[in-house]
Amino acid sequence: MAEAEGVSSATPTEEMNGAGNLMDFLDEPIPDVGTYEDFHTIDWLREKSRDTDRHRKITHRSKESIWEFVKSLLDAWSGWVVMLLIGLLSGTLAGVIDLAVDWMTDLKEGVCLSAFWYSHEQCCWTSNETTFADRDKCPQWQKWAELMTGYNEGAGAYLLNYFLYVMWALFFSFLAVSLVRVFAPYACGSGIPEIKTILSGFIIRGYLGKWTLLIKTVTLVLAVSSGLSLGKEGPLVHVACCCGNLFCSLFSKYSKNEGKRREVLSAAAAAGVSVAFGAPIGGVLFSLEEVSYYFPLKTLWRSFFAALVAAFTLRSINPFGNNRLVLFYVEYHTPWYMAELVPFILLGVFGGLWGTLFIRGNIAWCRRRKTTQLGKYPVLEVIAVTGITAILAFPNPYTRRSTSELISELFNDCGALESSQLCDYINNPNMSRPEDDIPDRPAGPGVYMALWQLALALIFKIVITIFTFGMKIPSGLFIPSMAVGAIAGRIVGIAVEQMAYHHHDWIIFKNWCRPGADCVTPGLYAMVGAAACLGGVTRMTVSLVVIMFELTGGLEYIVPLMAAAVTSKWVADAFGKEGIYEAHIRLNGYPYLDQDEFTHRTLATDVMRPRRNEPPLSVLTQDSTTVEDVEMLIKETDYNGFPVVMSRESERLIGFVQRRDLILAIKTARQKQDGVVSNSVVYFTEDAPQIPASNPQPLKLRRILNLSPFTVTDHTPMETVVDIFRKLGLRQCLVTRSGRLLGIITKKDVLRHMAQMMNQDPESIMFN
Amino acid sequence: LVLALAVSLVLALTPANSEDIRCKCICPPYKEIEGQIYNQNVSLKDCNCLHVVEPMPVEGKDVEAYCLRCECKYEERSSGTIKGTIIIYLSVLGLLLLYMVYLTLLEPILKRRLFGHSQLIQNDDDVGDQQPFANAHDVLSRSRSRPNVLNKVEHAQQRWRRQVQEQRKSVFDRHVVLS
């Protein structure tokens, strides 16, 4: 394809010297021909051919001398260097976030007297004064009431602890929302819908900037520590992509080419999920399935490398003290039975139903926030939600602690050494075998109490997460959904276990459970429930299963996890096709062309502009428009580009020119070239047109003309047109009939048409 | 970027504390003996019941039965990392808070004292945003026309502030991006 020569690629010295010096860093970047405006879509074809040109030039030069050869090697290796740096920085930031969250969450309840920077568990680590009965308590760590008044028990101490817990939670969330508001408003929310849109070709300047990175890291810790029902996985993906963007600017190979930059961002997203879950393979699959739009195979290997480096860096920082990457790494070795597939599928159905409920509720609430008065008080909203969460969460011990700890406890199996209420089974003291072997035991009163509290916690979490996700602080939803699923799964697991114990003479249980043998593991049900709920909300498939089995290390549990994930996706898809991220993309009106099939039988003429009652297409002619005409056209319309035709009579298409390039070229010409005035003729042909010598000097603008715009005929079915837009990443497409230009179809028109066909509001598509 | 490199350097250089490894054995109640927790800092190969549980509360044949119930886990941590990370995080947070307080509260007061009230009334663009110091910076920059680093830093800061203002408008006021 003949390339529109926009930018001559930088000389090799500039390419290697990508960083520049301090003064250049402070200067305002001069908009170049070939860059894009904010909130516009990139031209994938142009970026791809620019990269091929650059590569060809380097390969050609590398034969000239040894120095050029070395430079070509460095250029080839720059991709791997970027991946290495991204992995290192994401791993470090994730380690810092984990450690800080650990400490600050415990800060709401008490403080370590010997060294204030230790969390509860770390404080009691070296203590020799723990007894078996209270193995969580040690004298070095005191709750606030004990510190301030010296009393540990009693109503007064309880109320004081309660009050201080709420105060700390409010303080943390107020700090978080003020920092976001003052320094980096783009740091709020999860980030994954916007990153999906950016990776499909959209430009949001500043979304992956340095301040956004800093503020998102700092406020994520504050938001998670304040006890709100949100997680840190989605924001970690955003943080990793910011790191990716940061390192891209070091190398001109990536900083000047938006298409190549998005390859790096895909790999960075994989690194982000990898450190969030400790699942490198799951991270790569998540990037492939959920986040990326175009995922060439070269990116697969590089993403894996980045994810591995990130996971390794996180492990060497060792935030959890036992060489594990995630707080809830459990290792089971108990088998599961075929009959248990029934409750697993039930959990899948629950996950699908909850996913639908959550998506509908959350989108309705977010829409209300966008359109009514509620959106005018973001700080107040955050504080109110935090207050409600803290006040309702403190009384229930399962919601008082952080959600990750809750999930960890629910996933863990009850050994004889567990002291929590959930493991308060009645042990037969006359057992001859050691109690590590968990036979089926009847539940003691502690278990029933724990079940009640868990049921209340479930309802609370279901309701409050709908209002929390989407607030103006960094918020993720993986951990809350997993918590909902884990609670439901554990309840079902305990129910099945008790049923198996009390009715062990039923046929199903007789074949499967023997007295004294392992039968039902409630922890496994919790895991399956967590997978089902997460799948119901995000509609992940393969990546979900891989993440879950990397989390637990149990390859034997793939089948139950898959059963639950598949069921929940089917049930959720029956109610609505979109996952939470696609629903947010549609709510915001981003120009994201989905991968779904378009099956209506409309033609290109039905969608193209201008319609019948609209003014005719604004075109430029190849050699008869004056500079003044062009400037008038630019001022009166706001189209992103103009077709260039042979003449107004014949209307045969020559090419297409972008608005931004036109503006810059005319501005430069007026400043630099002599003799160019408003009456000068603008020409796009190779040779200047024949004009009398008295006329002012004509202006040649051939270099900004794209000589091969995409065209379709007016009878092309829209199915094909949508396919072309999706596969090639076009922004606009011209419609011709027998060579004559009829109209233009832009991506926005395609999206509006698709929305109309699906009976949604076409006016909600905001961007181009 | 510099900060991250500093963090990783600090973490790599903190010496290993001998208190940072331990073997923790939890032994549940057995016959008349109540439950106990034993901690010792021994290495991984010595992390089992026989080495860690001292003094052994049972005799002879019962030792094996008692030890079968005990669960021993080897754990290590890096206390230097934890201390360094928390202190770095708190200092970054403190700096950001100070800067935020300076931007929102102190700067308008300082500029008002330097330039008087009249200059601040001429706000050009935004209605709903209090950025009176934006104008004051223009006055400052116009008075000094030497292109030195300080001027450039001011210009860069101005540009950054305008960008943040734009972002704030699209996210918080018009709700165009990020619902």
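As recorded by an unreviewed UniProt entry, chain B carries the name TMEM9 domain family member B and is attributed to Astyanax mexicanus. In UniProt, chain B has this text filed under Sequence similarities (unreviewed entry): "Belongs to the TMEM9 family." Reading the Subcellular location (unreviewed entry) entry of the UniProt record for chain B gives the comment "Membrane".

An unreviewed UniProt entry annotates chain A as Chloride channel protein of Astyanax mexicanus. Under the UniProt heading Sequence similarities (unreviewed entry), the entry covering chain A gives this text: "Belongs to the chloride channel (TC 2.A.49) family."

Student: Just checking my understanding: could you explain the overall build of chain A for this structure?
Tutor: Secondary structure summary: chain A contains 30 helices and twelve strands in total. Split into buried and exposed, the 768 residues of chain A put 57% on the buried side. Considering only residue pairs separated by 6 or more positions, chain A has 74% of its internal contacts joining residues 24 or more positions apart.

Student: What should I look at first to understand helix α22 (residues 522-538) of chain A in this one?
Tutor: An α-helical turn contains 3.6 residues, so a residue and the one three or four places further along point in the same direction. Residue and element names in this part refer to chain A. Spanning 17 residues, α22 covers 25 Å between terminal C-alpha atoms, matching the ideal 24 Å at 1.5 Å per step. Of all the 17 residues making up α22, 17 are buried; the element is thus mostly covered by neighbouring parts of the structure. Once α22 finishes, Arg539 follows within two positions and takes phi at roughly 60°, a positive value.

Student: Whenever I open this one, a nonpolar patch on the surface confuses me. Can you help?
Tutor: Residue and element names in this part refer to chain B. A contiguous nonpolar patch, built from Val101, Tyr102, Leu105, Leu106 and Leu110 and spanning about 420 Å² of accessible area, is present on the exposed surface. Tracing the backbone through its elements, the reader meets Leu110 in helix α4 (residues 79-115). Leu110 sits in the partly exposed class, given a relative accessible area of 44%.

Student: Sorry, what's going on with the packing of α22(A) against helix α23 (residues 542-552) of chain A here?
Tutor: Pairs of packed helices are described in terms of their axes, by the angle between the two and the distance that separates them. Residues and elements named next belong to chain A. It is at 10 Å that the axes of α22 and α23 come closest, and there the two elements cross at 150°. Here α22 is positioned roughly antiparallel relative to α23, judged by the angle of their axes. In this structure, α22 meets α23 at a crossing whose hand is right-handed. Counted together, Met527, Ala530, Ala531, Leu534 and Gly535 of α22 and Leu544, Met548 and Thr552 of α23 form the full contact between these two elements.

Student: What's the story with the nonpolar core in this structure? I'm lost.
Tutor: Residue and element names in this part refer to chain A. Counting residues in hydrophobic clusters, the biggest one holds 197 residues, and the most contacted among them are Phe411, Met482 and Met548. Ranked by residues supplied to this core, first place goes to helix α4 (residues 66-107) with 13 residues. Each residue touching Met548, except ones within four places of it in the same chain, is listed here: Phe411, Met482, Met527, Ala530, Ala531 and Leu561.

Student: How do you make sense of the domain arrangement of chain A when you look at a structure like this?
Tutor: It is common to report an interface's size as the accessible area lost on association of the parts. Taken domain by domain, chain A comprises domain 1 (88-317), domain 2 (338-427 + 437-579) and domain 3 (604-758). One C-alpha centre belongs to domain 2 of chain A, the other to domain 3 of chain A, and the line joining them spans 56 Å.

Student: Sorry, what's going on with the interface of chain A and chain B here?
Tutor: Between chain A and chain B, the contact holds 68 residues from the first and 55 residues from the second. Regarding the contact of chain A and chain B, the summed buried area is about 5,900 Å², with carbon and sulfur atoms giving 71% of it. Where chain A packs against chain B, one counts zero salt bridges. Counting residues per element, the ones that place at least two in the side of chain A that touches chain B are α2 (22-26), α4, α7 (155-183), α9 (210-225), α15 (341-371) and α25 (580-588) of chain A. Of the residues belonging to the side of chain A that touches chain B, the class tally is 40 nonpolar, 17 polar and eleven charged.

Student: What is the right way to read the state of the cysteines from this model?
Tutor: By definition, a disulfide is the covalent link that joins the sulfur atoms of two cysteine residues. Tallying each qualifying case throughout the model produces five disulfides over all chains. Disulfide pairing places B:Cys49 opposite B:Cys67 at an S-S distance of 2.0 Å. What sets the handedness of the B:Cys49 and B:Cys67 disulfide is the S-S torsion sign, and at about -70° it is left-handed. With B:Cys49 in helix α2 (residues 49-52) and B:Cys67 in helix α3 (residues 62-69), this residue pair connects regions lying 18 residues apart in the sequence. The class for B:Cys49 is buried, based on a relative accessible area of 8%. Since its relative accessible area comes to 14%, B:Cys67 is described here as buried. With its disulfide-bonded cysteines labelled consecutively along the sequence, chain B is connected as 1-4, 2-8, 3-7, 5-6. With no disulfide of its own, A:Cys188 lies 11 Å from the sulfur of A:Cys366, the closest cysteine sulfur. A:Cys533 takes part in no disulfide bond, and the closest cysteine sulfur, belonging to A:Cys366, lies 19 Å away. By relative accessible area, A:Cys533 is classed as buried at 0%.

Student: How should the packing of helix α18 (residues 403-411) of chain A against helix α20 (residues 478-502) of chain A be read in this particular structure?
Tutor: Residues and elements named next belong to chain A. Between α18 and α20, the least distance of the axes is 9 Å, while the angle of their chain directions is 30°. Relative to α20, α18 is oriented roughly parallel. The element α18 and its partner α20 pack so that their crossing is left-handed. Between α18, through Thr403, Ser404, Leu406, Ile407, Glu409, Leu410 and Phe411, and α20, the contact on the second element is made entirely by Ile479, Met482, Ala483, Ala486, Ile487 and Arg490. Taken together, the residues that form the contact of α18 with α20 break down as nine nonpolar, two polar and two charged.

Student: What is the right way to read the sheet that holds strand β7 (residues 681-683) of chain A from this model?
Tutor: In sheet architecture, strand pairing relies on hydrogen bonds along the backbone and comes in two forms, parallel and antiparallel. Read from one edge of the open sheet, three strands run β4-β7-β8 (chain A), paired in mixed fashion. Each having just a single partner strand, β4 (625-626) and β8 (699-700) of chain A make up the two edges of the open sheet.

Student: Sorry if this is basic, but what is going on with the side chain of A:His584 here?
Tutor: Residue and element names in this part refer to chain A. Position of His584 relative to the elements: it lies in helix α25. Under the relative-accessibility criterion, His584 is labelled buried at 5%. A distance of 3.0 Å separates polar atoms of two side chains, one belonging to His584 and the other to Asn362.

Student: What's the story with the UniProt feature "domain: CBS" (unreviewed entry) in chain A in this structure? I'm lost.
Tutor: In the numbering used here, UniProt assigns the "domain: CBS" (unreviewed entry) feature to residues 608-672 and 705-763 of chain A. End C-alpha atoms of residues 608-672 of chain A are separated by 39 Å, and the span's content is 37% helix alongside 23% strand.

Student: Sorry, what's going on with the confidence of the model for chain A here?
Tutor: For chain A, per-residue confidence averages 84 on the pLDDT scale, and residues scoring 70 or more make up 89% of the total. Considering only residues more than four positions removed or in separate chains, one finds that residues 1-24 of chain A, a stretch of pLDDT under 50, has 30 contacts.

Reading the values: the criteria
Residues numbered from 1 in each chain as written. Chains lettered and ligands numbered in written order. Predicted model: local features only at pLDDT ≥ 70, side-chain atom pairs only at ≥ 80, totals over all residues. Heavy atoms only, no water. UniProt positions renumbered as here; feature names shortened; annotations may be inferred. Helix = DSSP H or I, 4+ residues; strand = E, 2+ residues; numbered from the N terminus. Buried < 20%, exposed > 50% of the residue type's maximum accessible area, 1.4 Å probe, protein only. Contact = heavy atoms within 4.5 Å. Expected span 1.5 Å × (residues − 1). Patch = residues over 30% accessible without salt bridge, like charges linked within 9 Å, V, L, I, M, F, W, Y side chains within 5 Å. Areas by Shrake-Rupley, 256 points an atom, 1.4 Å probe, with all protein chains shown as cover. Salt bridge = Lys/Arg side-chain N within 4 Å of Asp/Glu carboxyl O. Axes fitted to C-alpha atoms, helices over the stretch in contact; angles between N-to-C directions. Parallel < 35°, antiparallel > 145°, perpendicular 65-115°, else oblique. Left-handed = near helix turned anticlockwise from the far one by under 90°. Core = buried A, V, L, I, M, F, W, Y, C linked by side-chain atoms within 4.5 Å. Domains from an automatic or database assignment. Buried area = accessible area lost by both parts, 1.4 Å probe. Nonpolar A, V, L, I, M, F, W, Y, C, P; charged D, E, K, R; others polar. Disulfide = S-S within 2.5 Å. Pairing = 2+ DSSP bridges. Polar contact = N/O pair within 3.5 Å; in protein donor to acceptor, adjacent residues only side chain to side chain. pLDDT = per-residue confidence, 0-100.

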